[in-house]
Amino acid sequence: MNELNRMSAHELARLIREGSTTPSAVMAAHLARIEAREGVIGAFQFLDAERAMERAGAADRLPARGPLHGVPFVVKDIIDTQDMPTGWGFEPYAKRYPEKNAACVQAFLDAGAIPVGKTVTTEFAYFWPGKTANPHNPEHTPGGSSSGSAAAVADFMVPLAFGSQTAGSLIRPAAYCGVVAFKPTTGSFDLSGVMTLSSSLDALGVMARDPYDLMLARAVLTGTEPPNPPDFGETLPRIGLMRGPHWQDGEIEMRDTCTRALARLAETGMETLEVAHPPLFSKLTSAQETVMAYDAARDRSHEFDTYGDRISPQFAALVEAGREVNEAAYGKALEIRNLANAMFGQLFRDVDALLVPSAPGAAPEGLDATGDPLFSRMWNLLGVPCVAIPVGQSGNGLPLGIQLIAPRFSDARLLGVADHAHRVLGT
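In this text, all values refer to a predicted model and were calculated from it rather than measured experimentally.

What follows deals with helix H12 (residues 327-344). Here H12 contains 18 residues, and its C-alpha end-to-end distance of 25 Å stays within 8% of the 26 Å for a straight helix at 1.5 Å per residue. Buried within H12 we find Tyr330, Ala333, Leu334, Ile336, Ala340 and Phe344. Buried residues in H12, looked at end-on, bunch into an arc of 150°, giving them a common side. Residues of H12 that are exposed and point over 90 degrees away from its buried face: Glu327, Ala328 and Ala342. Each element contacted by the buried residues of H12 is listed here: helix H9 (284-299), helix H13 (374-382) and strand E11 (399-405). Measuring from the backbone nitrogen of Ala328 back to the side-chain oxygen at the start of H12 gives 3.2 Å, which picks out Asn326 as the cap.

Okay, the packing of aromatic side chains next. Under the definition given, this model contains 17 aromatic pairs. Here the aromatic rings of Phe344 and Phe348 are separated by 5.1 Å at their centres, their planes lie at 55°, and the arrangement is tilted. Relative accessible area serves as the criterion here: at 3%, Phe344 is assigned to the buried category. An aromatic cluster is defined as three or more aromatic residues linked by ring pairs; in this entry it consists of Trp88, Phe90, Tyr93, Phe124, Tyr126, Phe127, Tyr307 and Phe315. Stacked on the ring of Phe156, the Lys or Arg Arg6 has its end atom at 4.1 Å from the ring centre. For Arg298, the ring lying beneath its charged end belongs to Tyr294, and the centroid distance is 3.6 Å.

What counts, and where the lines are drawn
- Residues numbered from 1 in each chain as written.
- Predicted model: local features only at pLDDT ≥ 70, side-chain atom pairs only at ≥ 80, totals over all residues.
- Heavy atoms only, no water.
- Helix = DSSP H or I, 4+ residues; strand = E, 2+ residues; numbered from the N terminus.
- Expected span 1.5 Å × (residues − 1).
- Buried < 20%, exposed > 50% of the residue type's maximum accessible area, 1.4 Å probe, protein only.
- Arc of directions from axis to C-beta.
- Contact = heavy atoms within 4.5 Å.
- Polar contact = N/O pair within 3.5 Å; in protein donor to acceptor, adjacent residues only side chain to side chain.
- Phe/Tyr/Trp six-rings, centres within 6.5 Å; stacked < 30°, edge-to-face > 60°.
- Lys NZ or Arg CZ within 6 Å of the ring centre and 35° of its normal.

Below, the structure is given as structure tokens:
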């Protein structure tokens, strides 16, 4: 048997159901990995190994009560947990204990999953980084804001992790750390108990190492039956490369990764083509920045007004910029979004998914910043589902990746396409 901590969530759940292993054995394997690597990676804001083993022991004595029975997971530290602190990456809130679990955490618990701890987030899920390092090279950033979640999954500490995205906080760290991530259609997952940064843009998401685990997590979070692995038969998905308005802002390795991935998909019999972006799309990134700043200035005004001298310069600048955005400018940004959404479906007349960059390149060196969310901002503004897929490595051995995009509310189909593409690309 492979090392338990290197297996996918659905493989672990199957072995536990079959009696081939136990939740305690699974948890022990993951905790051993955490003990060996946490000092280097720094993925955890709060770790409760003793409680995790107690819960695993209790699960040993119970029949499998859900599709994630006995499977370890971690929770980004902006998501409420009743028995673990939720500090939002902000030191004054480090000992904040919520009264109840966030809806997503409770759904995982009800499905039999076992929480291990809370993972590091940037301050208020924005730009001020935490302690986490990239597992592939600790001198490089893991990305943000879901820094600890991406690193924990990439380093085989857990198979599943919750994250969130307002600009690029799921897709970018997944790309930098070489894992898969799913940002659903905005509003698809219950955000009860999740800190708001921008109520118009925030989305809950999941990270894993296997796309089928993303499908399984989605089923748990939406209260639907876990799907069968997709089988497209002879009708293979159609993929379109959209270079987009920021194509030349990315590194050449990123651009090569996208074009090589498209060529590889074509070699396996999939229909591929290039799709031009509408001129209006060049305005989406700026519109997202306007909406995000406007919302943040209101959603987090209490922290700004109460703890002004303890807030990072980056977050202070965001709130100050947001307070300068008037209602007319905010309305104009939303109008651009709505116009773009109205034409979005036309882009999918001949394709099932768009292949676009996930980040400007590989993870930058240094831990004092988390990289640029440029290649996710526009998609997050549109609220469309996105899946990050690792594809190869940069010249310095760090992961590179792509993301697949689909129209709103086509999440299940997109995850199936991503699973197929992941297998074809051999990642």
